[in-house]
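Chain by chain, the residues:
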Amino acid sequence: MAAILSANSAGWLVSAYPGATALHGLAIDPGARTRVAVQQIGEVVAKTREDAGEAEKLVRDGVAFAPADARLYSVLGTLAQLDAREEEAARLYATALALSPAEQNANLQLAASEAKAQRFGPALGHVDVLLTRWPSQLANAQPVVLAALADAEGTRALVAALGRNRPWRFPLISRLAGARDTAPAAAQLVSAMAAHGAPPTFEEQRSAMNGLLWAQRTVEAYQLFLASLTDEERPLAGFVFDGAFTRRPRARPFDWRANPSPGVEVSFPGGDVGATIRFGDAPVTFFDFQQTLALAPGRYKVSVETSGERLAAPRNINLVLRCGVSLRLLTMAPLPLGDYRRAATEREAVVPAEGCDSQEVAIASGLTAPSWALRLSGTLIVHSIAIELADR
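Conventions and cut-offs
- Residues numbered from 1 in each chain as written.
- Predicted model: local features only at pLDDT ≥ 70, side-chain atom pairs only at ≥ 80, totals over all residues.
- Heavy atoms only, no water.
- Phe/Tyr/Trp six-rings, centres within 6.5 Å; stacked < 30°, edge-to-face > 60°.
- Helix = DSSP H or I, 4+ residues; strand = E, 2+ residues; numbered from the N terminus.
- Buried < 20%, exposed > 50% of the residue type's maximum accessible area, 1.4 Å probe, protein only.
- Lys NZ or Arg CZ within 6 Å of the ring centre and 35° of its normal.
- Disulfide = S-S within 2.5 Å.

A short note on the packing of aromatic side chains
Part 1 of the argument: Evaluated as defined, the whole model comprises 9 aromatic pairs.
Part 2 of the argument: Measuring from ring centre to ring centre gives 5.7 Å for F245 and F289, while their planes differ by 35 degrees; the resulting arrangement is tilted. Of the two residues, F245 sits in the loop between α13 (218-228) and β1 (257-258) while F289 sits in strand β4 (residues 288-293), which places them 44 residues apart along the sequence. Each member of the pair, F245 as well as F289, is classed as buried.
Part 3 of the argument: Seen in terms of ring centroids, W256 and F289 are 5.2 Å apart; in terms of plane orientation they differ by 15 degrees. Their pairing is stacked. Taken as a pair, W256 in the loop between α13 and β1 and F289 in strand β4 lie far apart in primary sequence, 33 residues in all. Per residue, the accessibility class of W256 equals that of F289, and both read buried.
Part 4 of the argument: One aromatic cluster in this structure is built from Y222, F225, F241 and F254.
Part 5 of the argument: If you follow R133 out to its NZ or CZ, it ends over the ring of W134, 3.9 Å from the centre.
Part 6 of the argument: Directly above the aromatic system of W214 lies the positively charged group of R180, at a separation of 4.6 Å from the ring centroid.

This is how it looks when you write it as structure tokens:
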């Protein structure tokens, strides 16, 4: 767990007291003497630890003028903690919390101390109070959360602390998912919530999956996707999820999605109809109806069954399989145009062993620039898209 206290840096107490760049704002007493004393504290703590004694004297002087200010006792606790007076620090933090249960520094330092002793229940109790009142302190509380996730009992305590409606639950998952090094922790937390009676929401699952994909941990993201499926959705899983378009897609990785594009309407009637793509006789650029995949390296056959109704496209409409990050093209096949019923189009492709951990299968237009001379019109019905292992 990253240290909360930074005793060797130039701004040692400032970094130990999140939420303030100096201690100018600690005093609540309007008297001039208090304001001067607190200003002096700010000047002292910006120097080195050698000034700790002077800083402590000034803070204790401040207590005489503002005895009900919890922040002063909290700073005294930090000074005692930096001087290895742990019991005194604990008493001072307790005094600060008695005056103000949500005092930032006392909750944060006690959370760190409890986590270091592997008492994760009390540690996360302090985190809960802190983040419920001060959501901006999430970054400072994150080391305590990561320490809990590294311990089985700590993980259970974290799930219990989050409950179903804690206001910092989704911000925590989103923050963890937003960084490459902590994206696996977001996925771990979401999985633990599902396993310990606090089912994650759709948004929480999606955030964790997106974080893993952004960190290029495709297999882990796909495993989390499979674990998130409902009983009704599980039979639809395969190399392509719901390749027959039997249900309306949900906005998540490894499901179908269509990039918004003027002049195009995508609908999902359900049943055995398929996905219906209507082109409004207008320029269409970068239209992409796609799904992210997690194929292992190997040779595959990609097939699509489509119907057309007065379908016209000057630069073709293509079935595409490409690598997900680099967009390296693996195979492409133009689809039939005009009026027709249930035509099959197939291609083979090789997914390489390197540089293609994720892939995308897509129906895409060949247009790259808008032009009224190059308009798409008519209706394309995509009945199914399938991927299977090709014969060796």
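Some details on the state of the cysteines
Part 1 of the argument: Within this structure, the stated rule accounts for 1 disulfide.
Part 2 of the argument: Covalent S-S linkage joins C323 and C356, the inter-sulfur distance amounting to 2.1 Å. In this structure the cystine formed by C323 and C356 twists about its S-S bond by roughly -110 degrees; its chirality is therefore left-handed. Placement of C323 in strand β6 (residues 317-323) and of C356 in the loop between β8 (338-351) and β9 (359-365) is noted, with a sequence separation of 33 residues between them. For the pair C323 and C356, one class covers both residues: buried.

Worth remembering: the numbers are spatial, not functional.
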